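Report on the structure
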Amino acid sequence: MANKAKLFLAGVASLGLGLLSAGAASACVLSVQPADTQWMIRYDPFSQDATQRQFEVAVVNQGQERCSGKVRVELNGEEFGLRSATETARVPYALIDDRNGADVTPRAGGVSARRLNSQPVALAPGERGRLQFTFAAAPPEVPSQGAYTQEATILLEDDNGLPVGARQVTLTFVVVPAAVMGLKGQFQRSNGVARIDLGELTAGTRPLTASLFVLSTGGYRVTVKSTNEGKLRLGKTDWYVDYTLGVGSKRMGLDEPATINVVSRRARADDYPLSVEVGSVAGLRAGDYTDELMFTVAAL
């Protein structure tokens with residue numbers, strides 16, 4: 001996504017598996033059949049994207065007698081939390097059995113808690129049932145871009161805690177490349193355009209009363225374009241003053257669009273104090289000299 005801001009300057013002068021215990025190789029056999037074996041959420045922290053989705057799982061009794069099983073989820077010994085290749089911190093999440101709102105998240109020891117009052121799946125031979133789960137991630141305010149994953153096994157257990165059906169799914173939370181920016185500090189705003197008054201024009205460098213800030217899930221590019229190609233101009237006349245723009249430590253000539261490229265695989269929150277360096281003002285006609293700058297940010 002691209003995000004834009006205007007500044008007005010003015011101055012004077014997957015894997016599937018079925019688990020059955022040896023003792024459960026009896027008539028009670030439940031086949032767990034998720035509609036998708038990868039449960040994926042795509043997330044942009046700067047839009048209205050939701051951090052949760054619902055997923056359906058079919059259950060079929062493939063045995064010769066009525067069979068029932070209670071829902072549990074386990075991680076096969078792995079630490080709880082969605083992990084990425086670039087981040088050390090894991091993203092927590094929740095798994096909810098939507099039939100009764102039961103939390104089946106495998107937090108403690110990588111296994112969801114057994115609930116005495118949990119609602120079992122009970123099916124006659126050949127009968128087909130349906131489960132629905134809500135997968136909800138809990139990322140930080142601005143997470144780093146990339147895929148965060150964890151393998152989880154959905155288990156159906158009999159009253160003795162023995163599995164009568166199981167299937168592995170991949171939980172995936174994808175943070176998409178995204179960036180936003182804005183101005184902060186002292187300025188006036190009119191019709192969506194920030195206006196900074198430079199006062200009486202004098203040659204030399206001066207700080208502006210505003211900073212550009214960028215929030216991103218990773219790398220980004222800021223582009224700055226000047227309407228007057230780096231000139232503070234008196235109306236539509238040929239009278240003008242050359243100037244350059246400082247964005248943080250970078251000095252930009254604006255005779256053509258100028259860019260700042262930031263390479264990163266991690267989330268960023270960057271501030272760039274703005275300044276201008278004004279050229280010679282000798283012999284100028286009196287009046288208001290202005291330019292308009294367009295700032296654009298795009299994720300890399």
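On a predicted model such as this, the values are computed, not experimentally measured, just so you know. (Residues numbered from 1 in each chain as written. Predicted model: local features only at pLDDT ≥ 70, side-chain atom pairs only at ≥ 80, totals over all residues. Heavy atoms only, no water.)

**Considerations on the sheet that holds strand β9 (residues 128-137)**
Here is the rule we go by: For two strands to be treated as a pair, DSSP must find no fewer than two bridges joining them. What counts as a helix is a DSSP run of H or I of at least four residues, what counts as a strand is a run of E of at least two, and both are numbered from the N terminus.
In space, the 5 strands of this open sheet follow the order β2-β4-β9-β6-β7, with antiparallel pairing throughout. Both edges of this open sheet fall to β2 (30-34) and β7 (102-103), since each of them pairs with a single strand only.

**Topic: the confidence of the model for the protein chain**
In low-pLDDT regions, the fine details of the predicted coordinates are not to be read closely. Put simply, the rule is: Every residue is assigned a pLDDT by the predictor, reflecting its confidence on a scale from 0 to 100. Contacts are assigned to residue pairs with any non-hydrogen atoms lying within 4.5 Å of each other.
Confidence along the protein chain averages 91 in pLDDT terms, with 91% of residues attaining 70 or more. Confidence drops under pLDDT 50 across residues 14-25; counting only partners more than four residues distant or on other chains, this segment forms 22 contacts.

**Things to note about the environment of A108**
Tracing the backbone through its elements, the reader meets A108 in the loop between β7 and β8 (121-123). Separated by 63 residues in sequence, A108 and L171 have C-alpha atoms that sit 17 Å apart.

**Re the pattern of salt bridges**
Heads up, the rule is: Salt bridges are defined by distance alone: a side-chain nitrogen of Lys or Arg within 4 Å of a carboxyl oxygen of Asp or Glu.
For the structure shown, the criterion picks out 10 salt bridges. The partner of R99 in a salt bridge is D97, with the nearest N and O atoms 2.7 Å apart. Connected through salt bridges with shared partners, the residues E78, E79, R83 and R90 form a single ionic network.

**Things to note about the layout of surface pockets**
Here is the rule: Cavities and pockets were defined on a 1 Å grid built over protein atoms only: a cavity is a set of grid points that admits a 1.4 Å probe from which the probe cannot escape, a pocket is an open set flanked by protein on both sides within 12 Å along at least five of seven lines, and lining residues are those with an atom within 4 Å of any such point. Grid points are joined across faces, edges and corners, and a volume is the space filled by probe spheres set on the points. Throughout this entry, Asp, Glu, Lys and Arg are counted as charged residues, while Ala, Val, Leu, Ile, Met, Phe, Trp, Tyr, Cys and Pro are counted as nonpolar. The remaining residues, Gly among them, count as polar.
In this structure, the largest pocket spans a volume of roughly 260 Å³. Taken together, 19 residues make up the lining of the largest pocket; nearest its centre are K70, R72, R114, R115 and S118. Elements that contribute at least two residues to the lining of the largest pocket include exactly β5 (67-74) and β7. Ranked by residue count, the leading element in the lining of the largest pocket is β5, at 3 residues. When the residues that make up the lining of the largest pocket are grouped by side-chain class, the tally is 5 nonpolar, 4 polar and 10 charged.

**As for the side chain of E157**
What counts, and what does not: Polar contacts, as used here, are pairs of N or O atoms within 3.5 Å; protein pairs need one atom able to donate a hydrogen and one able to accept it. Residues neighboring in sequence count only if both atoms are side-chain atoms.
Its location among the elements puts E157 in strand β10 (residues 146-157). A polar atom in the side chain of E157 sits 3.4 Å from the side chain of R72. When neighbours within four sequence positions are excluded, E157 is seen to be in contact with S68, G69, K70, R72, R114, L162, P163 and V164.

**A short note on the state of the cysteines**
What counts is decided by this rule: Cysteine sulfur pairs qualify as disulfides if the two atoms are within 2.5 Å. Throughout, exposure labels follow a simple rule: accessible area from a 1.4 Å probe, protein chains only, divided by the maximum for the residue type, with under 20% read as buried, over 50% as exposed, and the rest as partly exposed.
The full count for this structure, using the stated rule, is 1 disulfide. Between the sulfur of C28 and that of C67 lies a disulfide, 1.8 Å long from S to S. In this structure, the disulfide formed by C28 and C67 twists by about 60° around the S-S bond and is classed as right-handed. In this pair, C28 is assigned in the loop between β1 (2-12) and β2 and C67 in strand β5, connecting sequence segments 39 residues apart. Judged by relative accessible area, C67 falls into the buried class, the value being 1%.

**Comments concerning the sheet that holds β5**
The criterion, for reference: Each axis is a line fitted through C-alpha atoms, and for a helix only the stretch in contact is used; angles between axes span 0 to 180 degrees, taken between their N-to-C directions.
Strand order in the open sheet formed by 5 strands is β3-β11-β10-β5-β8, with mixed pairing between adjacent strands. For this open sheet the edge positions go to β3 (38-43) and β8, each flanked by a neighbour on one side alone. Taking the axes of each pair of neighbouring strands and ignoring which way they run, one obtains an average angle of 25° across the sheet. Relative to strand β11 (residues 163-175), β10 runs antiparallel, the two being bridged by 12 bridges. Across the sheet, the residue bridging to E151 is T170, located in β11.

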